[in-house]
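Descriptive analysis of the structure
Letter by letter, the chains look like this.
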Amino acid sequence: MGTTSLDNHLPYRRIARWYDAIYAARGRAPAEEVEHLARYWSDDGLAEGTRRLLDAGCGTGVHLPFLARHGAVVGVDRSEDMIAFARDAFPDVELHVADVLDLELDQRFDVVTSLFGAMGYLTDHSALRKGLARLGRHVTDRGILLVEPPLLAEHMDEPRDQHVRTAFEGGTLVREATSRIDGDILEIDFTWRTLASNTERSEEVQERHRLLLLDSQGWLCLLYTSDAADEGLGVDLGGRRI
């Protein structure tokens, strides 16, 4: 028989090994994403490859090798499973399990990034400001903090079901998503399934995610009223997709 589990608490806790496969199937291109962001620091006066970079909410680490083209990179994420996956994939990268609200690294960075909507999981506005301030404290005096918001309200269509399927380890991986809006919160129920020829190896994981859903002006207001506004703050308002 297959196995089913439900995780309503820590997002991506059980599906680290599936995460990248689904987003690759959706067209995620981390190399292009990093090069798009590099324009924000390309004129900082530092020699190429000499920067110190921190990726907060690095997940499985897909951006790390491309950030490393610009200098020495460090990754942090609150998910032990995601960091374990990243350590296997990138053993030479310095990685830490840490919550951004408690982040206290004994170093500062020329570039601090939080990509793919990671900060959107801080749905309380005061907690988000605190998280941004924590990141800001890790930026050098001439450095830059880059935050990519999650989905932007002005880009959000009516909530709808989504279905993604891709080949994975000789079988098929499926992710279904159902979303709903509650005020400024986007709640998403994900169901992940592996489908193998041998049904004894099938597995299902259900997760519930809660993300802050603001328009671009709402994000700018929060960003610029946090202590991080005293740092070199950059905002990419492209938003992400589920």
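Up top you'll find the structure we're talking about.
Residues numbered from 1 in each chain as written. Predicted model: local features only at pLDDT ≥ 70, side-chain atom pairs only at ≥ 80, totals over all residues. Heavy atoms only, no water.

**Digging into the pattern of salt bridges**
Rules: Salt bridges are identified by distance alone: a Lys or Arg side-chain nitrogen within 4 Å of an Asp or Glu carboxyl oxygen. In this text, helices come from DSSP runs of H or I with a minimum length of four residues, and strands from runs of E with a minimum of two, each type numbered from the N-terminal end. The cut-offs for exposure are 20% and 50% of the maximum accessible area for each residue type, with area from a 1.4 Å probe on protein chains only; residues under the lower value are buried, those over the upper are exposed, and the others partly exposed.
Following the criterion strictly, the structure yields 12 salt bridges and no others. Where Arg-210 meets Glu-187, a salt bridge forms, and the shortest distance between an N and an O atom there is 3.1 Å. Of this pair, Arg-210 sits in strand 10 (residues 203-212) while Glu-187 sits in strand 9 (residues 185-195), and the two are 23 residues apart along the sequence. Owing to a relative accessible area of 38%, Arg-210 belongs among the partly exposed residues under this scheme. Relative accessible area serves as the criterion here: at 16%, Glu-187 is assigned to the buried category.

**A few points about helix 5 (residues 125-136)**
Put simply, the rule is: For a helix, the expected span equals 1.5 Å multiplied by the residue count minus one. In what follows, residue pairs with any heavy atoms lying within 4.5 Å of each other are defined as contacts.
End to end, helix 5 covers 16 Å across 12 residues, agreeing with the expected 16 Å (1.5 Å per residue, within 8%). Along helix 5, the positions that sit buried rather than exposed are Ala-127, Leu-128, Gly-131, Leu-132, Ala-133, Arg-134, Leu-135 and Gly-136. Residues of helix 5 that are buried in the fold lie against strand 2 (51-56), strand 5 (109-114), strand 6 (139-147), strand 10 and helix 6 (216-224).

**Overview of the nonpolar core**
Note the cut-off: Here, nonpolar core refers to any group of buried Ala, Val, Leu, Ile, Met, Phe, Trp, Tyr and Cys residues whose side-chain atoms link them within 4.5 Å.
Counting residues in each nonpolar core, the largest one holds 40 residues, and the members touching the most others are Trp-18 and Trp-41. Here the element with the most residues in this core is helix 1 (residues 16-25); it accounts for 6 residues. Those residues in contact with Trp-41 that lie beyond four places of it in its chain are Val-34, Arg-51, Leu-53, Leu-67, His-70, Val-111, Ile-144 and Leu-146.

**A word on the packing of helix 1 against helix 4 (residues 80-89)**
Rules: With axes taken as lines fitted to C-alpha atoms, and helix axes fitted only over the stretch in contact, angles between N-to-C directions fall between 0 and 180 degrees. If an angle is under 35 degrees, it is roughly parallel; if it is over 145, roughly antiparallel; if it lies from 65 to 115, roughly perpendicular; otherwise it is oblique. The classification used treats Ala, Val, Leu, Ile, Met, Phe, Trp, Tyr, Cys and Pro as nonpolar, Asp, Glu, Lys and Arg as charged, and all other residues, Gly among them, as polar.
The contact between helix 1 and helix 4 brings their axes to 8 Å, and the two run at 75°. One finds that helix 1 runs roughly perpendicular with respect to helix 4. Between helix 1 and helix 4, the residues in contact are Ala-16, Arg-17, Tyr-19 and Asp-20 and Asp-81, Met-82 and Phe-85, respectively. Considering only residue class, the contact of helix 1 with helix 4 consists of 4 nonpolar, no polar and 3 charged.

**Some words on the packing of helix 5 against helix 6**
Counted only if it meets this: Helix crossings are classified by the rotation of the near helix relative to the far one: an anticlockwise turn of less than a right angle makes the crossing left-handed, while a clockwise turn makes it right-handed.
Where helix 5 meets helix 6, the axes come as close as 9 Å, and the angle between the chain directions of the two elements is 60°. When the interaxial angle is binned, helix 5 and helix 6 end up oblique. Crossing of helix 5 against helix 6: the hand is right-handed. In contact with His-125, Leu-128, Arg-129 and Leu-132 of helix 5, helix 6 contributes Trp-219, Leu-222 and Leu-223. Its residues assigned to classes, the contact of helix 5 with helix 6 comprises 5 nonpolar, 1 polar and 1 charged.

**What to know about the packing of aromatic side chains**
Basically, it comes down to this: Planes of paired rings set the category: under 30 degrees apart is stacked, over 60 is edge-to-face and the rest tilted, where pairs are Phe, Tyr or Trp rings (Trp by its six-membered ring) whose centres lie within 6.5 Å.
As enumerated under the stated definition, the model contains 4 aromatic pairs in all. Ring centres 4.9 Å apart and planes at 55° place the aromatic pair Tyr-19 and Tyr-23 in the tilted group. Of this pair, Tyr-19 and Tyr-23 are both found in helix 1, 4 residues apart, which corresponds to roughly one turn of the helix. As far as the burial class goes, Tyr-19 and Tyr-23 line up, both buried. An angle of 85° between the planes, with centres 5.0 Å apart, marks the rings of Tyr-23 and Phe-116 as edge-to-face. Linking Tyr-23 in helix 1 with Phe-116 in the loop between strand 5 and helix 5, this pair joins segments that are 93 residues apart in sequence.

**Observations concerning the pairing of strand 4 (residues 94-97)**
Note the cut-off: Two strands qualify as a pair provided that DSSP identifies no fewer than 2 bridges between them. Seen with its strands pointing away from the viewer, a crossover is right-handed if its path from the first strand over the helix to the second goes clockwise.
As judged from the 4 bridges shared by strand 3 (residues 71-77) and strand 4, these two strands associate in the parallel manner. Bridge assignment links Gly-75 to a residue of strand 4, and that residue is Leu-95. One crossover worth recording links strand 3 to the parallel strand 4 by way of helix 4, and it is right-handed.

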